[in-house]
Every structure is written in structure tokens, then in C-alpha cells.
Amino acid sequence: GIQSYGISEDLRYNWRFGFFNQKLTQNSSGWKGIEFPGEIAGRLATTFWWDETTNGRGYGHFAVSGSLGDAGNAAENHIKLYRTRPEARSDKRWLDTDVIEDAEMSSMFGLEYLLNIGAFQFCGEYLHSNVSRNGMRDLQFDGGYFYVAYMLTGEHMPWDRKTGCLARIKPFENFFIVRDCDGCVRRGKGAWQIAARYSKADLTDEDGTFAENIYGGNGHSFTLDVNWYWNPYARMQFNWLVGAIKDRENSVGLPGNGDYDIIGARWMVDF
């Protein structure tokens, strides 16, 4: 696709919009054919508060986003689908609408809010999607999350006003272990953060007859998290997730329920 973006002179507002091909081509030889599954999408964001006296240790962000796509050309035979994994990599996508036959148009609307006060941060997002179908009622799906986080070592999560996105954390003191000239071991602790998150995704729509219903699953999860930033380019993450899924169509075509726990750790280096 093609995309454009811009910012206001005072860095208070930023925006982006574009036109894209919806067909997934990463696992194929590319896009072929005369039907183009086009989609237009955009986002308008504002950093409505920026604390100049602390060079951005306090800030507030709000954004709206949206998209409109030709679902009828998204794949062969008018197929559209929504699916996702939990907040940890699983071998299968636990929430999945499978194919939505006779889909014509799809639209999505999103809201973002973020408030940072020193070492404390609150963030939340919400998305709602509508899928219109030929000869049948529209489908409604939605999802979102919110989290609270706190830097135990006093740093803050920086903000990039040009892009309207979180920036790279820079610890006051990088993590290190060395032996000095006197034979003593010296250590740096890095930056430590704790966080908690609640998330929800509803890919089930059962307002009509059973033949028209979609049972992609209705999932909720709660996450406890500890992040250890060694330096601006390396960190470790420890997560415990507790979640539940209901109204997910099983192998016999009926909606089923289930619970899960996930314990995960990640060590990563990025550039």
C-alpha cells in the first residue's frame, strides 16, 4: 500500500492515512488477479499535555483511528475472517471466526488514551468492527485493553510526539557486573517496572438465528508483569496470564468454554 503522515509545528498533533491491499501475501508468491481487496485507513492523534518543565516526564495522549475495506474482495468467494492468539505465542489462534461467507464491506473504529505522570502510566485502547454481509444482518466485533505500570527505579516511559507512540526507555543506570582494580564486584541494577493489564476480545455474534451466528469466541484475560531493562536495547520480561474463553465453536460445531494460565519469560535485544 501507500501511506502518508504529518505533524503540526508545535508537535501537538500527528496524523497518518493510507490505502492498502488487504490480501495476506507473506506466505504466497504475491498478489495476482484483477480483484483488488482495497482498504483505506487513518489515525489522528494529539499529545494534549506535555510537561515542559520535566522534559516530558508527564504527558497525555488521545487518538482516534478508523478503516473501511472491501471485504468482498478480501479473498476468493467473499471471505473475511478475524482471529488472534492470546498475549503469548500459542501454536493456534484461540479466538477465530473462521471464514465469514458473503462478506461485503468491513469497517473498524478505534480509540486510544494514555496518561503518564512520572514513573506511573495508564494506557487503554478499544476497537470496534462491523462486517456487512450480502442478504444477512451485519456482524459486530470488539475488543480492548487497559493497563497500569510503575517504574520501581524512578524512570519514565518516554513519548515520541512526532509519531504518537511510546519511545525507548533509558535506565538511569545500566545493568552490569564487573570486578574493579581492587577485586571488588560492582553492579548496576538497570531499570525495573511492574505492570498489570486487563484485556478483552469478543469475536462472537449470536444475535440472530444459529445459521447466521458467528462463534469466534469471547475472551478475557488478566496479566501481571515484571520488566527488567538492562539498557535501552536489552530487557527481560516475566508474565503470568489468567484467562477464560467462552462461546468458541468447537469440533462438533457447538459453542464451548475454557480457562487457561500462561507463564512466560522473554529475553530480547533490539536495535
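This text gives an overview of the structure that appears in the document.

Parameters at a glance
- Residues numbered from 1 in each chain as written.
- Predicted model: local features only at pLDDT ≥ 70, side-chain atom pairs only at ≥ 80, totals over all residues.
- Heavy atoms only, no water.
- Salt bridge = Lys/Arg side-chain N within 4 Å of Asp/Glu carboxyl O.
- Core = buried A, V, L, I, M, F, W, Y, C linked by side-chain atoms within 4.5 Å.
- Buried < 20%, exposed > 50% of the residue type's maximum accessible area, 1.4 Å probe, protein only.
- Helix = DSSP H or I, 4+ residues; strand = E, 2+ residues; numbered from the N terminus.
- Pairing = 2+ DSSP bridges.
- Axes fitted to C-alpha atoms, helices over the stretch in contact; angles between N-to-C directions.

## Details of the pattern of salt bridges
One side chain can pair with another of opposite charge once the charged atoms of both are near each other.
Step number 1: Under the counting rule described, the total for this entry stands at six salt bridges.
Step number 2: Measuring nitrogen to oxygen at the nearest pair gives 2.9 Å for the salt bridge that ties D180 to R186.

## Details of the nonpolar core
Step number 1: Counting residues in each nonpolar core, the largest one holds 15 residues, and the members touching the most others are Y82, I100, V131, L139 and F141.
Step number 2: Judged by nonpolar contacts, the second largest core, of 14 residues, contains L114, M151, M157 and A191.

## Some details on the environment of W15
Step number 1: Mapped onto the fold, W15 is located in strand β2 (residues 13-21).
Step number 2: Along the chain, W15 and R43 lie 28 residues apart, while their C-alpha atoms are 5.6 Å from each other.

## What to know about the sheet that holds strand β19 (residues 255-269)
Step number 1: Taken together, the 11 strands give an open sheet; going across it, the order is β1-β2-β3-β4-β9-β10-β11-β16-β17-β18-β19, and neighbouring strands pair in antiparallel fashion. Strand pairing shows two members of the sheet lacking a second neighbour, β1 (2-7) and β19, which therefore form its edges. Across the sheet, the mean angle separating the axes of adjacent strands is 10° when strand polarity is ignored.
Step number 2: Two elements, strand β18 (residues 234-249) and β19, share 14 bridges in a ladder whose sense is antiparallel. Among the inter-strand pairings, Q237 is bridged to a residue of β19, identified as R266.

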